[in-house]
Protein chains: 4
Amino acid sequence: MEPSRPLRADAVRNRTKILDAAREQITRLGPDVPMDTIAEAAGVAVGTLYRHFPTKTDLVTAVIGEHSELLTEAIEAAAERVAGGAGAMSAISALVRDIVEAAAADRAVKAAAQNVGAEYLTPDQESRSRVAMTRLIEAAQRDGRLRDDVTADDFYLLILTAPTDVEPAVRARWLQLFLAGFTTGKD
Amino acid sequence: MEPSRPLRADAVRNRTKILDAAREQITRLGPDVPMDTIAEAAGVAVGTLYRHFPTKTDLVTAVIGEHSELLTEAIEAAAERVAGGAGAMSAISALVRDIVEAAAADRAVKAAAQNVGAEYLTPDQESRSRVAMTRLIEAAQRDGRLRDDVTADDFYLLILTAPTDVEPAVRARWLQLFLAGFTTGKD
Amino acid sequence: MEPSRPLRADAVRNRTKILDAAREQITRLGPDVPMDTIAEAAGVAVGTLYRHFPTKTDLVTAVIGEHSELLTEAIEAAAERVAGGAGAMSAISALVRDIVEAAAADRAVKAAAQNVGAEYLTPDQESRSRVAMTRLIEAAQRDGRLRDDVTADDFYLLILTAPTDVEPAVRARWLQLFLAGFTTGKD
Amino acid sequence: MEPSRPLRADAVRNRTKILDAAREQITRLGPDVPMDTIAEAAGVAVGTLYRHFPTKTDLVTAVIGEHSELLTEAIEAAAERVAGGAGAMSAISALVRDIVEAAAADRAVKAAAQNVGAEYLTPDQESRSRVAMTRLIEAAQRDGRLRDDVTADDFYLLILTAPTDVEPAVRARWLQLFLAGFTTGKD
DNA sequence: AATGAATGAGTTTTCATTCAT
DNA sequence: CATGAATGAAAACTCATTCAT
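Before going into details, it helps to say that this report is about the structure given with it. (Residues numbered from 1 in each chain as written. Chains lettered and ligands numbered in written order. Predicted model: local features only at pLDDT ≥ 70, side-chain atom pairs only at ≥ 80, totals over all residues. Heavy atoms only, no water.)

### Some points on the overall build of chain A
Line of reasoning, step 1. In terms of regular secondary structure, chain A is built from nine helices and zero strands.
Line of reasoning, step 2. When the elements of chain A are put in sequence order from the N terminus, they spell out α-α-α-α-α-α-α-α-α.
Line of reasoning, step 3. Here chain A, with 187 residues, has 44% of them falling under the buried criterion.
Line of reasoning, step 4. For chain A, contacts bridging at least 24 residues in sequence account for 71% of all contacts bridging at least 6. (Helix = DSSP H or I, 4+ residues; strand = E, 2+ residues; numbered from the N terminus. Buried < 20%, exposed > 50% of the residue type's maximum accessible area, 1.4 Å probe, protein only. Contact = heavy atoms within 4.5 Å.)

### A few points about the packing of helix α1 (residues 9-29) of chain D against helix α4 (residues 56-83) of chain D
All names here are of chain D.
Line of reasoning, step 1. The contact between α1 and α4 brings their axes to 10 Å, and the two run at 90 degrees. Judged by the angle between their axes, α1 and α4 are roughly perpendicular. Residues I18, L19, A22, R23 and I26 of α1 form the contact with α4, whose participating residues are L59, V60, A62, V63 and E66.
Line of reasoning, step 2. Tallied by class, the residues present in the contact of α1 with α4 amount to eight nonpolar, no polar and two charged. (Axes fitted to C-alpha atoms, helices over the stretch in contact; angles between N-to-C directions. Parallel < 35°, antiparallel > 145°, perpendicular 65-115°, else oblique. Nonpolar A, V, L, I, M, F, W, Y, C, P; charged D, E, K, R; others polar.)

### Some thoughts on the relation of the copies chain C and chain D
Line of reasoning, step 1. In screw terms, the move from chain C to chain D is a rotation of 177 degrees and a rise of 0.1 Å along the axis, fitting with an RMSD of 0.6 Å. What we have between these two chains is a two-fold relation. Of the C-alpha atoms belonging to chain C, the one lying closest to the rotation axis is found on G181 of chain C, 2.0 Å away.
Line of reasoning, step 2. Most of the interface of chain C is mirrored in chain D: 100% of its interface residues are interface residues there too. (Least-squares fit on C-alpha atoms with pLDDT ≥ 70 in both.)

### Some remarks on the pattern of salt bridges
Line of reasoning, step 1. Following the criterion strictly, the structure yields 52 salt bridges over all chains and no others.
Line of reasoning, step 2. The salt bridge involving E24 of chain A is made with R28 of chain A; its shortest N-O contact spans 3.1 Å. One end of the pair is E24 of chain A and the other is R28 of chain A, both in helix α1 (residues 9-29) and four residues apart, which spans about a single turn.
Line of reasoning, step 3. A salt bridge links R173 of chain B to D154 of chain A; its shortest N-O distance comes to 2.4 Å. With R173 of chain B in helix α9 (residues 168-180) and D154 of chain A in helix α8 (residues 152-161), the pair connects residues from two separate chains.
Line of reasoning, step 4. For R173 of chain B, a relative accessible area of 17% gives the class buried.
Line of reasoning, step 5. Using a relative accessible area of 3% as the deciding quantity, one classes D154 of chain A as buried.
Line of reasoning, step 6. The structure contains a network of salt bridges with shared partners spanning E69, E76, D124 and R128 of chain A. (Salt bridge = Lys/Arg side-chain N within 4 Å of Asp/Glu carboxyl O.)

### As for the interface of chain C and chain D
In many analyses, interface size is given as the accessible surface area lost on bringing the parts together.
Line of reasoning, step 1. Listed as interface residues are 18 residues of chain C and, on the opposing side, 18 residues of chain D.
Line of reasoning, step 2. Between chain C and chain D lies a buried interface of about 1600 Å² when both sides are counted; carbon and sulfur atoms form 63% of it.
Line of reasoning, step 3. Area buried by chain C at its contact with chain D is led by L157, R173 and L177 of chain C, which between them contribute 32% of it.
Line of reasoning, step 4. Taken together, the links from chain C to chain D amount to four salt bridges.
Line of reasoning, step 5. R173 of chain C is paired through a salt bridge with D149 of chain D; the nearest N and O atoms lie 3.2 Å apart.
Line of reasoning, step 6. Secondary structure elements with two or more residues in the side of chain C that touches chain D: α8 (152-161) and α9 (168-180) of chain C.
Line of reasoning, step 7. The element best represented in the side of chain C that touches chain D is α9 of chain C, accounting for seven residues. (Buried area = accessible area lost by both parts, 1.4 Å probe.)

### Remarks on the protein's contact with DNA strand E
Line of reasoning, step 1. Neighbouring DNA strand E are 32 residues; M35 of chain A, N14, T48 and R51 of chain B together with T48 of chain C lie closest to it.
Line of reasoning, step 2. Protein-adjacent atoms of DNA strand E, using a 4 Å cutoff, are sugar or phosphate at a proportion of 69%.
Line of reasoning, step 3. K56 of chain D is positioned such that a nitrogen or oxygen atom in its side chain is 2.8 Å from a phosphate oxygen of DNA strand E.
Line of reasoning, step 4. Listing elements by their share of the surface near DNA strand E, those giving two or more residues are α1 (9-29) and α3 (46-52) of chain B, α3 (46-52) of chain C together with α2 (35-42) of chain D.
Line of reasoning, step 5. It is α3 of chain B that provides the largest number of residues to the surface near DNA strand E, a total of five residues.
Line of reasoning, step 6. In the surface near DNA strand E, the residues fall into 14 nonpolar, nine polar and nine charged. (Near = heavy atom within 4 Å. Polar contact = N/O pair within 3.5 Å; in protein donor to acceptor, adjacent residues only side chain to side chain.)

### Here's the deal with the relation of the copies chain B and chain A
Line of reasoning, step 1. If you rotate chain B by 177 degrees and push it 0.2 Å along the axis, it lands on chain A with an RMSD of 0.6 Å.
Line of reasoning, step 2. With an isologous cut-off of 70% or more, the 100% of interface residues of chain B that recur at the interface of chain A puts this contact in the isologous class.

### Comments concerning the interface of chain B and chain A
Line of reasoning, step 1. Across the contact, 18 residues belong to chain B and 18 residues belong to chain A.
Line of reasoning, step 2. The contact between chain B and chain A buries some 1600 Å² in all, and 64% of this surface belongs to carbon and sulfur atoms.
Line of reasoning, step 3. On the chain B side of the contact with chain A, L157, R173 and L177 of chain B bury the most area, a combined 32% of that side's loss.
Line of reasoning, step 4. For the interface between chain B and chain A, the tally reads four salt bridges.
Line of reasoning, step 5. The interface formed by chain B and chain A contains six residue pairs in polar contact (both at pLDDT 80 or more).
Line of reasoning, step 6. If you list the elements that add at least two residues to the side of chain B that touches chain A, you get α8 (152-161) and α9 of chain B.
Line of reasoning, step 7. The greatest single-element share of the side of chain B that touches chain A, amounting to seven residues, is contributed by α9 of chain B.

### A look at the protein's contact with DNA strand F
Line of reasoning, step 1. Taken together, 30 residues sit near DNA strand F, with T48 and R51 of chain A together with N14, T48 and R51 of chain D positioned nearest.
Line of reasoning, step 2. Within 4 Å of the protein, the contacting atoms of DNA strand F are drawn from sugar and phosphate to the extent of 69%.
Line of reasoning, step 3. The separation between a phosphate oxygen of DNA strand F and a polar side-chain atom of T48 of chain D is 2.6 Å.
Line of reasoning, step 4. Within the side chain of H52 of chain D, a nitrogen or oxygen atom sits 2.8 Å from a phosphate oxygen of DNA strand F.
Line of reasoning, step 5. Put simply, the parts of the chain that give the surface near DNA strand F at least two residues each are α3 (46-52) of chain A together with α1 and α3 (46-52) of chain D.
Line of reasoning, step 6. Top element by residues in the surface near DNA strand F is α3 of chain D. It accounts for five residues.

That's the geometry; what it means functionally is another story.
This is how it looks when you write it as structure tokens:
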């Protein structure tokens, strides 16, 4: 599914500028920032925004898409590390903590995802992250550290519901409690 | 903060109709429903909305107020039942399940509250529910069913983060996982 | 043109309270004060305002009417004084200065008069003040102090155009210049 | 305060249409004309009004600005004519008569300006008109036709207080009386 | 008569989206 | 392709006036 024809260099540059600006503005001001504001921040005219993203929803979805990609890559990286011998359960804990913290920092992105009703992951990202996550889970279960009934979906649920608008300490407590429900308590 | 004076009968009726409509519309159409829409649903003119609730924030706050009152009363009722001899841990589980289901129905109300910066619990409700919750927790801990380090705040966190936009089965799974982190696993 | 039947005592009291409040509010906040605000200041309900004054215009007109009455009485008093032997031209100067200062203090009343398009004087007031003004003018002309072509209308014009929103010193200068056009310069 | 960049041709056209319509509508319907009405009269959508003038105050200020520019230019032109040998006092009379007539046509604009707190003359216009007016005054005083104590501020006062809501004949009389206070009576 | 709740047209302003230049 | 001006449908809120209690 590559673009029908390669975008011209300056068009690529514009697309990047727009996404950068959108990410920044949405994170700072929430998903209700006017398109004009994003356009100005990007240093282009609104018309250009609409050339790249036919509707605001498309733009917001694209911003979320970036986030999803990062998330997917983080999961894949954790799976790599475990394949390289690292402890599975602690890799999972660290991964989840990182993701939750990132979502908190980028809280507007989450709000945007809800507001727009966009799917959190693209099909491609969905399958890549599911593969990696499953590898992590199975490793931790082989180690006897993770409850046997826990699935990748359970972790997605955890990520989806992590509180973003609370103090870090509260978020840490939340994570501790939730993860306690995943582990066997062994070790 | 005097009780003003008792509202006229028809005004009370309207106030109720407005709150009912607001809850319904916000739940159905999300936190951004126009005041006009709520007015129409309530069968009154916008002016009447504004007579009862000078700003949209006030209206949303009132809707939240009802909801959080119900929540507070549910916690108190559960505490009563336990005082009457019911099993503490199962009372807590049932309570939390009920609350989470109710919160899911009112998902948009929560969003509206956040959009509008309304506080969820009034100071009075806060203290009433804290007292009742603490009684429940202590009873369950005496029974050895609840981890000793769990506090009322932990339950608020659970309630606050319950996923709303998912199917009931998913929500049930989420609750099971989260509660697993609270319990000792005994029995 | 007396009221068809004497108003009940409390109705009279209310009418007075309303006019007092209206004068005060209009003077302070301009003719755009909401009727509700006037009602509250008067300590009555809006409905009562509307019973006494069918439209807002009527109320504003009534407030102006009071002013006109005072104005008429001031002219009559000056004429009395001159009849009693006082200097006519200086009586006129003092009269005009007083009226202009009063209008400045009550600047909103003037604004109201313009906004509402109400006649400044009622027919009765018109004729009473015209008689008195004419007497003053003729006396000053007999003294050779006032230009022979000056009429009562000229003075009304002066009163109507006096600047209200400027500092007292500026207003005094304005009056001096304008009156210089009226006098013969003699004495 | 850079000149931004030259507006596009059609934007300039619209700006003009909007200012024309605003002047016309405010003059005709008073200072409270809705923005929608002005937009319709201008043949544009409201949004276009707001693109050119972010608030109603800005629009009224711009209308005033045009008017006060014309006024300033009229004074400068009169000063030119006098420098070219024309009679100073009659130039002043004619100037004042013209200005007052123009102000009468724009009565509502003045009201709108006050409603909205807009300044009448910009600092630049203020100084330009003061220079020209002073030249006129000094010439008339050299001719012995104007009282020596009369200043530019006195003329502003005259212009400021000219009656607008009266018939032309009445206004002419008013002007005659007022100017009589300015002149020496010589010639 | 008084009360004050209800009405609803109207006001300013915003912003996603379109389209002429 | 980019620009940025124009569009126009909302949205929140106000207030003169009416009318049930």
